[in-house]
Amino acid sequence: MADFPSGWPAAAVLGVLGLLVGSFLNVVIHRLPKMMERRWAEECAEFEGKEPPNAAKVNLMVPRSACPHCGHPIAWHENIPVLSYLWLRGRCSDCKTGISVRYPLVEVATGLLFAWCGWQWGLSEQALLWAGFSATVVCLAGIDWDTTLLPDDITLPLLWAGLCAAALDWLPLTLNDALWGAVAGYLSLWLVFWAFKLTTGKEGMGYGDFKLFAALGAWFGWQALIPIILMASVIGAVVGIAIKFKGALREGGYVPFGPFLALGGLTAMIAGPDAILRAIGL
């Protein structure tokens, strides 16, 4: 294998790349659910034999990014990751409406995760592999937090990417461990879902959670599933209690679980599953 730059140079290069990718992830988080809603509406109309709704075309490339309040097109210098947000003081340059702090947070989080991958593995294929994993789970966390959806368009490619990476020896686990990790990840939450539903008559989570946990099993192996789910549960409980005390629970009193599964997966990537168990005293 070629010698790749490592340390601070690699971290800096991938960190900048991560900021740019984070800016794109904001577009995906905002637009992909809208694209899914349009596709569902078209499928329903086709099933009913009706004309599809005449909705404006929306994809990841068009229309051009604009302020959702006044429609002001966002110029290139207003779209520089983090810096533009600080320069504009978190407000639209035209109507002065506040811009969600979520946008720079996603950019910073993605930049830091990419920088960590560069520091850990240098400018290598492995760093890019885990940077891609990081970007994907950040995107899923953002979409699930906003909409309680974990799109198959993202969870299933993440699952297959983990299995393929294991088959190509790009991950520190065997294909057998990755395969059974995916199986165990899906079935474990599926069983919890049905046990809860049969007991209470309510649905405690969605099928997207099963697929995301299966994907994490494919990337980390079946041995990592218990540490990841424990970390996700602890973080979810803390955040849920904090939101409840603030009186900010959504209608129905639910908190999506996907973002916490994503955090559990990122923690396993950075610290390792064994470190998670030690941190919570097991």
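The written sequence of each chain sets the order in which its residues are numbered from 1. It should be noted that, the model being predicted, local features are given only for residues of pLDDT at least 70 and side-chain atom pairs only at 80 or more, the latter also being counted only at that level, while totals for whole chains, interfaces and linings use all residues. Water and hydrogen atoms were dropped before computing side-chain values, which therefore reflect all heavy atoms in the structure.

A. Spotlight on the overall build of the protein chain. Strands are runs of DSSP state E lasting at least two residues, helices are runs of H or I lasting at least four, and both sets are numbered from the N terminus onward. A count of helices and strands for the protein chain gives 10 helices and 0 strands. Against the globule reference of 19 Å for 282 residues, the protein chain gives a C-alpha radius of gyration of 20 Å, in line with a compact fold. Projected onto the principal axes, the alpha-carbon positions of the protein chain cover approximately 55 × 50 × 45 Å. Relative accessibility thresholds used throughout: buried, under 20% of the residue-type maximum; exposed, over 50%; partly exposed, between the two (1.4 Å probe, protein chains only). For the protein chain, buried positions account for 40% of its 282 residues. In the protein chain, the share of contacts with a sequence separation of at least 24, taken over all contacts with a separation of at least 6, comes to 69%. Accessible area of the protein chain: about 15,800 Å², with a carbon and sulfur share of 66%. In this tally Asp and Glu are treated as negative and Lys and Arg as positive; neither His nor the chain ends contributes. Lysine's charge is taken at NZ, arginine's at CZ, aspartate's at CG and glutamate's at CD. One way to put it: in the protein chain the 18 positive side-chain charges average out to a point 10 Å from where the 21 negative ones average out. Computation of the radius of gyration draws on C-alpha atoms alone. For the globule rule, the value is 2.2 Å times the number of residues to the power 0.38. In this description, contact between two residues means that some pair of their heavy atoms is separated by no more than 4.5 Å. Note on areas: Shrake-Rupley with a 1.4 Å probe; residue coverage comes only from the protein chains shown.

B. Structural context of the pattern of salt bridges. Salt bridges are counted wherever a side-chain nitrogen of Lys or Arg sits within 4 Å of a carboxyl oxygen of Asp or Glu. Per the counting criterion, the structure on display carries 5 salt bridges. Put simply, Arg-39 and Asp-153 hold a salt bridge, and the shortest N to O gap is 3.5 Å. Of this pair, Arg-39 sits in helix H1 (residues 7–47) while Asp-153 sits in helix H5 (residues 152–167), placing them 114 residues apart in sequence. Notably, a salt bridge pairs Lys-211 with Asp-152, separated by 2.7 Å at the nearest N-O pair. Separated by 59 residues along the polypeptide, Lys-211 in helix H7 (residues 207–220) and Asp-152 in helix H5 bring together distant segments of the chain. Take Lys-211: its relative accessible area is 19%, and that puts it in the buried class. Asp-152 gets classed as partly exposed once you look at its relative accessible area, which sits at 35%.

C. Just helix H3 (residues 102–121), in detail. One less than the number of residues in a helix, times 1.5 Å, gives the span that helix is expected to have. When the terminal C-alpha atoms of H3 are compared, their 28 Å separation across 20 residues agrees well with the 28 Å that a helix rising 1.5 Å per residue should span. Restricting attention to buried positions, one finds in H3 the residues Arg-102, Pro-104, Val-106, Glu-107, Thr-110, Gly-111, Leu-113, Phe-114, Ala-115, Cys-117 and Gly-118. Where H3 is buried, its residues meet H1, helix H2 (83–87), helix H4 (125–147) and helix H9 (258–271). Looking one or two residues past H3, Gly-122 carries a phi angle of roughly 70°, positive in sign.

D. Up close: the packing of aromatic side chains. What counts as a ring pair is set by centres within 6.5 Å for rings of Phe, Tyr and Trp (its six-membered ring), and what kind of pair is set by the plane angle: stacked under 30 degrees, edge-to-face over 60, tilted for all other angles. Summed over all chains, the structure comprises 15 aromatic pairs. Ring centres of Trp-130 and Phe-133 lie 5.3 Å apart, and the angle between their planes is 75°; on these two criteria the pair is classed as edge-to-face. Placement of the pair is Trp-130 and Phe-133 together in helix H4, with a separation of 3 residues, close to one helical turn. An aromatic cluster of at least three residues, connected via ring pairs, comprises Trp-116, Trp-121, Trp-130, Phe-133, Trp-219 and Phe-220. The lysine or arginine in question, Arg-102, covers the ring of Tyr-103, its NZ or CZ lying 5.1 Å from the ring centre. The criterion for a charge sitting over a ring is simple: Lys NZ or Arg CZ within 6 Å of the ring centre, and within 35 degrees of the ring normal.

E. Quick look at the side chain of Asp-144. Tracing the backbone shows Asp-144 in helix H4. With a relative accessible area of 3%, Asp-144 lands in the buried category. Under the rule applied, a polar contact is a pair of N or O atoms within 3.5 Å (in protein, one hydrogen donor and one hydrogen acceptor; residues adjacent in sequence only if both atoms are side-chain atoms). At a separation of 3.3 Å, a polar atom in the side chain of Asp-144 contacts the main-chain amide nitrogen of Leu-149. If sequence neighbours within four positions are ignored, Asp-144 has contacts with Leu-149, Leu-150, Asp-209, Pro-256, Phe-257, Gly-258 and Pro-259.

F. How the structure looks around the environment of Asn-176. Summarising the element assignment, Asn-176 is placed in helix H6 (residues 175–200). Taking C-alpha positions, Asn-176 is 25 Å from Trp-121, a pair spaced 55 residues apart along the chain.

G. Main features of the nonpolar core. Among the buried residues, those of types Ala, Val, Leu, Ile, Met, Phe, Trp, Tyr and Cys that are joined through side-chain atoms within 4.5 Å form a nonpolar core. In terms of nonpolar packing, the biggest core is built from 59 residues, with Phe-133 and Phe-220 touching the most fellow members. Among the elements of the structure, H1, H3, H4, H5, H6, H7, helix H8 (225–246) and H9 are those that each provide at least two residues to this core. Contacts of Phe-133, omitting those with residues within four sequence positions, involve Leu-158, Leu-216, Trp-219, Phe-220, Gly-265, Leu-266 and Met-269.

H. Spotlight on unusual backbone geometry. Backbone geometry places Arg-89, a non-glycine residue, at a positive phi of 55°. Relative to the helices and strands, Arg-89 resides in the loop between H2 and H3. Even without being glycine, Thr-148 reaches a positive phi, approximately 60°. In this structure, Thr-148 sits in the loop between H4 and H5.

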